[in-house]
Amino acid sequence: MTQIAPLLTGFALSFGLIVAIGAQNAFVLRQGLRREHVGVLVTFCALTDLLLIAAGVAGLGAVLGQAPRLVTGLSLGGAVFLGWYGISALRRALHAEQLVAENGGETLSRLGALARVAGFTLLNPHVYLDTVLLVGSVGAAQPSGAHLPFVLGAGLASAIWFVTLGYGARLLAPLFSRPLAWRVLDLLVGATMLLLAAGLLRRVLVAVM
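Nothing here was measured: the structure is a model prediction, and the numbers come from that model.

Draft legend 1. Quick peek at a nonpolar patch on the surface. On the surface, a cluster of nonpolar side chains totalling about 250 Å² of accessible area is made up of Leu76, Val80 and Leu201. Tracing the backbone shows Leu201 in helix 9 (residues 179-208). Classification of Leu201 by relative accessible area gives partly exposed; the value is 38%.

Draft legend 2. Geometry of the confidence of the model for the protein. On average, residues of the protein score 81 in pLDDT, and 86% of them are at 70 or above. Between the elements of the protein, mean pLDDT differs from a low of 76, seen in helix 8 (residues 169-176), to a high of 93, seen in helix 7 (residues 147-167).

Draft legend 3. Looking closely at the packing of aromatic side chains. Here the structure, examined in full by the defined rule, presents three aromatic pairs. Considering the side-chain rings of Phe11 and Phe15, the 6.0 Å spacing of their centres and the 5° angle between planes classify their relative orientation as stacked. Of the two residues, Phe11 and Phe15 both sit in helix 1 (residues 4-18), four residues apart, roughly one turn of that helix. Measuring from centroid to centroid gives 6.0 Å for Phe15 and Trp161, while their planes differ by 90°, and the two rings are edge-to-face. Of this pair, Phe15 sits in helix 1 while Trp161 sits in helix 7, and the two are 146 residues apart along the sequence. With a relative accessible area of 25%, Phe15 lands in the partly exposed category. You can call Trp161 buried: its relative accessible area is 5%. Aromatic ring contacts, followed pair by pair, group Phe11, Phe15 and Trp161 into a single cluster.

Thresholds applied
- Residues numbered from 1 in each chain as written.
- Predicted model: local features only at pLDDT ≥ 70, side-chain atom pairs only at ≥ 80, totals over all residues.
- Heavy atoms only, no water.
- Patch = residues over 30% accessible without salt bridge, like charges linked within 9 Å, V, L, I, M, F, W, Y side chains within 5 Å.
- Areas by Shrake-Rupley, 256 points an atom, 1.4 Å probe, with all protein chains shown as cover.
- Salt bridge = Lys/Arg side-chain N within 4 Å of Asp/Glu carboxyl O.
- Helix = DSSP H or I, 4+ residues; strand = E, 2+ residues; numbered from the N terminus.
- Buried < 20%, exposed > 50% of the residue type's maximum accessible area, 1.4 Å probe, protein only.
- pLDDT = per-residue confidence, 0-100.
- Phe/Tyr/Trp six-rings, centres within 6.5 Å; stacked < 30°, edge-to-face > 60°.

As structure tokens, then:
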């Protein structure tokens, strides 16, 4: 039972960060609509997220294990960031956009498709800020023995999202083209992020008292 909480925390945090309008998601959706190299792209995106999350948790975990005050500082910084992200999501809900992927255009080879999704993924600085630093710091601040469930939960959220986006593209495209769908999604993401921020703040208060 003690492993469920960090797993759910990792899942919620990862899912809230990954579900957004962006080049990577639009490209996976496009390839899903065309049914081109979907399995390869979904696997690449999910594994890349898992490796970055694990690296962040392991690397920061080794450092934080020797610096309990740093844990408190990162938890506070994470709470502030999550609070900002949650408020931003709620603000986006007021001016919802739409995710549109064209079902036309050039046919890509498997290598070409991989090169593009790698560029969208690894050349995006937010990947390192969100996945490695933010998710890594929250994961590393989990209690002893909870790091692995956290990483698995975060990786599971990423895998579910990309599998759904790639293989469910023909069903999801009409939905994601509607601003109302993103408005509801942003409301859920905003609420989730604010709840996670509150949890981190509570942990900070317990640590300093």
